[in-house]
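The primary structure of each chain is shown beneath.
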Amino acid sequence: LRASLDDWLQRFRAGERRAAARLISIVEDGGDEARDVLDALHPAIGRANRVGITGPPGAGKSTLVDRVATVLATDTLVGVVAVDPTSPFTGGALLGDRIRMGDALQQGRIFFRSLASRGSLGGLSLHTSEVVDVLDAFGCGTVLIETVGVGQSELDIVEKAHTTVVVLVPESGDSIQTMKAGLMEIADVFVVNKADRDGAQRLADEIAAALDLRFGRRPDPASWRPPVLLARARDNDGTPELIAALQRHRDWCATSGERRRKDRRALESRLRDLVHDAVQREVWSDAAATRLFAQGLQAIERGETTPYRVADSIVREWTKQPAGRERRA
Ligand SMILES: Nc1nc2c(ncn2[C@@H]2O[C@H](COP(=O)(O)OP(=O)(O)OP(=O)(O)O)[C@@H](O)[C@H]2O)c(=O)[nH]1
Ligand SMILES: [Mg+2]
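Residues numbered from 1 in each chain as written. Chains lettered and ligands numbered in written order. Predicted model: local features only at pLDDT ≥ 70, side-chain atom pairs only at ≥ 80, totals over all residues. Heavy atoms only, no water.

## Thoughts on the overall build of the chain
A count of helical and extended segments in the chain gives 14 helices and seven strands. Here the chain holds 329 residues, and 44% of them are scored as buried. Partitioning the intrachain contacts of the chain with sequence separation of at least 6 by distance along the chain shows that 74% fall at a separation of at least 24. Of the roughly 17800 Å² of accessible surface on the chain, a fraction of 53% belongs to carbon and sulfur atoms. (Helix = DSSP H or I, 4+ residues; strand = E, 2+ residues; numbered from the N terminus. Buried < 20%, exposed > 50% of the residue type's maximum accessible area, 1.4 Å probe, protein only. Contact = heavy atoms within 4.5 Å. Areas by Shrake-Rupley, 256 points an atom, 1.4 Å probe, with all protein chains shown as cover.)

## As for the coordination of the magnesium ion (ligand 2)
Summarising the metal site, the magnesium ion (ligand 2) is bound by the protein donors Ser62 (OG) and Glu146 (OE), whose distances to it range over 2.1 Å. Of the two residues, serine 62 sits in helix α4 (residues 61-72) while glutamate 146 sits in strand β4 (residues 140-148), which places them 84 residues apart along the sequence. (Donors = N, O, S within 2.8 Å, 3.2 Å for Na, K, Ca; no water.)

## Remarks on the confidence of the model for the chain
With 81% of its residues at a pLDDT of 70 or more, the chain shows a mean pLDDT of 84. No element of the chain has a lower mean pLDDT than helix α14 (residues 322-328), which averages 51, and none a higher one than strand β7 (residues 228-230), which averages 98. Segment residues 86-99 is flagged for pLDDT under 50; beyond a separation of four residues in sequence, or across chains, it makes 26 contacts in the model. (pLDDT = per-residue confidence, 0-100.)

## As for the site of ligand 1
Close to ligand 1 lie 16 residues; Gly60, Lys61, Ser62, Thr63 and Asp196 are nearest. Between ligand 1 and serine 62 there is a distance of 2.8 Å, counted from an oxygen atom to a backbone nitrogen or oxygen. Here an oxygen atom of ligand 1 sits 3.1 Å away from a polar atom, N or O, in the side chain of glutamate 146. About the coverage of ligand 1: the protein hides 77% of its 650 Å² of free accessible area. Looking at the shell around ligand 1, the elements with two or more residues in it are α4 and β4. When its residues are assigned to classes, the shell around ligand 1 shows four nonpolar, five polar and seven charged. (Near = heavy atom within 4 Å. Polar contact = N/O pair within 3.5 Å; in protein donor to acceptor, adjacent residues only side chain to side chain. Nonpolar A, V, L, I, M, F, W, Y, C, P; charged D, E, K, R; others polar.)

## Some details on the nonpolar core
Soluble globular proteins tend to bury their nonpolar side chains together. The biggest cluster of nonpolar side chains holds 43 residues, and the ones touching the most others in it are Phe12 and Leu23. Aside from chain neighbours lying at most four places away, what touches leucine 23 is Leu5, Trp8, Leu9, Phe12, Val37, Leu41 and Val134. Judged by nonpolar contacts, the second largest core, of 25 residues, contains Val78, Leu144, Ala231 and Ile243. (Core = buried A, V, L, I, M, F, W, Y, C linked by side-chain atoms within 4.5 Å.)

## Focus: the packing of aromatic side chains
Throughout the structure, instances matching the rule amount to four aromatic pairs. When the ring of phenylalanine 111 is compared with that of phenylalanine 138, the centres are 6.0 Å apart and the planes differ by 75 degrees; the resulting orientation is edge-to-face. Note that phenylalanine 111 is positioned in strand β3 (residues 110-117) and phenylalanine 138 in helix α6 (residues 128-138), a separation of 27 residues in sequence. The exposure classification of phenylalanine 111 matches that of phenylalanine 138, with both residues buried. Look at tryptophan 224 and tryptophan 252: their rings are 5.9 Å apart centre to centre, the planes differ by 40 degrees, and that puts the pair in the tilted class. Placement of the pair is tryptophan 224 in the loop between α9 (200-215) and β7 and tryptophan 252 in helix α10 (residues 239-256), with a sequence separation of 28 residues. When sorted by exposure, tryptophan 224 lands in the same class as tryptophan 252, which is buried. In textbook terms, an aromatic cluster arises when at least three aromatic residues are bridged by ring pairs, as seen for Phe12, Phe111 and Phe138. (Phe/Tyr/Trp six-rings, centres within 6.5 Å; stacked < 30°, edge-to-face > 60°.)

## Structural notes on unusual backbone geometry
In this model, lysine 194 sits at a positive phi of 60 degrees, which is unusual for a non-glycine residue. Positive phi values are uncommon outside glycine, yet asparagine 236 reaches one of about 60 degrees. Among the structural elements, asparagine 236 can be located in the loop between β7 and α10.

## Examining the environment of threonine 290
Relative to the helices and strands, threonine 290 is located in helix α12 (residues 287-301). For threonine 290, a relative accessible area of 31% puts it in the partly exposed group. Here the alpha-carbon distance between threonine 290 and tryptophan 318, two residues 28 residues apart in the chain, equals 9.7 Å. A distance of 3.0 Å separates a polar atom in the side chain of threonine 290 from the backbone oxygen of alanine 287.

## Re helix α11 (residues 258-284)
Look at α11: 39 Å from first C-alpha to last across 27 residues, which is about the 39 Å you get at 1.5 Å a residue. By the burial criterion, the buried members of α11 are Glu258, Arg259, Lys262, Ser269 and Val283. (Expected span 1.5 Å × (residues − 1).)

## With respect to the pairing of strand β1 (residues 49-55)
Most of β1 sits inside the fold, with seven of its seven residues counted as buried. Because side chains alternate across β1, one face comprises the buried residues Asn49, Val51, Ile53 and Gly55, and the other comprises Arg50, Gly52 and Thr54, equally buried. Bridge analysis of β1 against β4 gives seven bridges, and the strand direction is parallel. Directly across from glycine 55, in β4, lies its bridge partner valine 148. Where β1 and strand β5 (residues 163-168) come together, four bridges link them in parallel fashion. (Pairing = 2+ DSSP bridges.)

Following this line, the structure appears as structure tokens:
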């Protein structure tokens, strides 16, 4: 198994798409092999610009992503990760009817991957960041991450992306008051799509007015005020403006130190998650701890103790056993 993983890694480093697809699948599944892959790729991770695109269902996110990816692919490899809500019926990822990304996709300049969201509806898939890491290591200059903006996903995406694009449409709420506060807060760039429809300009004006309240009319040059763009993605109108805005935000992130802050925050949460995972695995594989757990459950039911005391005693018992942990280390 090890030999074949090394083989895949070698082919990956040589730029073979099939190897990238293979390593992404491994990482998506999680587990020990995923860990080996990410460990091996670590030195190559960290260069890609990660752009999240979120917004209500049907706003035109995929259409927009495809347009942007096609243009960017003329001078870099582009990764596209679409997180689709898991269908309760099929359990699989639902692929919308995406427009053809055309030549770029065929020539291997765009690497497209659809992930099923496994948690809450619309939430990012468990291993989204890790999949993006693989695309990053593969040499994608930009990775576009599309998620439906409902519930938790908008918070997730902010944590994982350098730039967050919020796509809204005139019918996604007649006025900004009805718009979910969450989406307003997270945008680095607003796109009012379907500008061919009534109400697009009015929605854009409302967003701008809300931004005036937040930033004041005279923008502080040191802070980033999200631009509000109009687009007709289906007709490929507004694409260059969006790409220019992405570029400006990327530059601002670099010069303001925001990029470093974001990368640091993402690294912190990654490392914390890994420690939590490792501790959990250790505790639940510890015989004394699991015995105390079972005994503690019964004692709580008999009214002899409380969950807090039992939890404390389990952790205390586990930390008392360096021998066991050294053996596993
Ligand atoms: N009228 C109009 N329709 C558009 C425009 N852009 C996209 N659409 C259409 O809107 C529909 C939804 O587009 P998608 O790109 O799939 O939207 P989405 O936000 O990715 O949808 P989900 O991923 O299902 O949330 C499609 O039928 C598109 O053709 C536009 O500028 N104007
Ligand atoms: Mg879509």
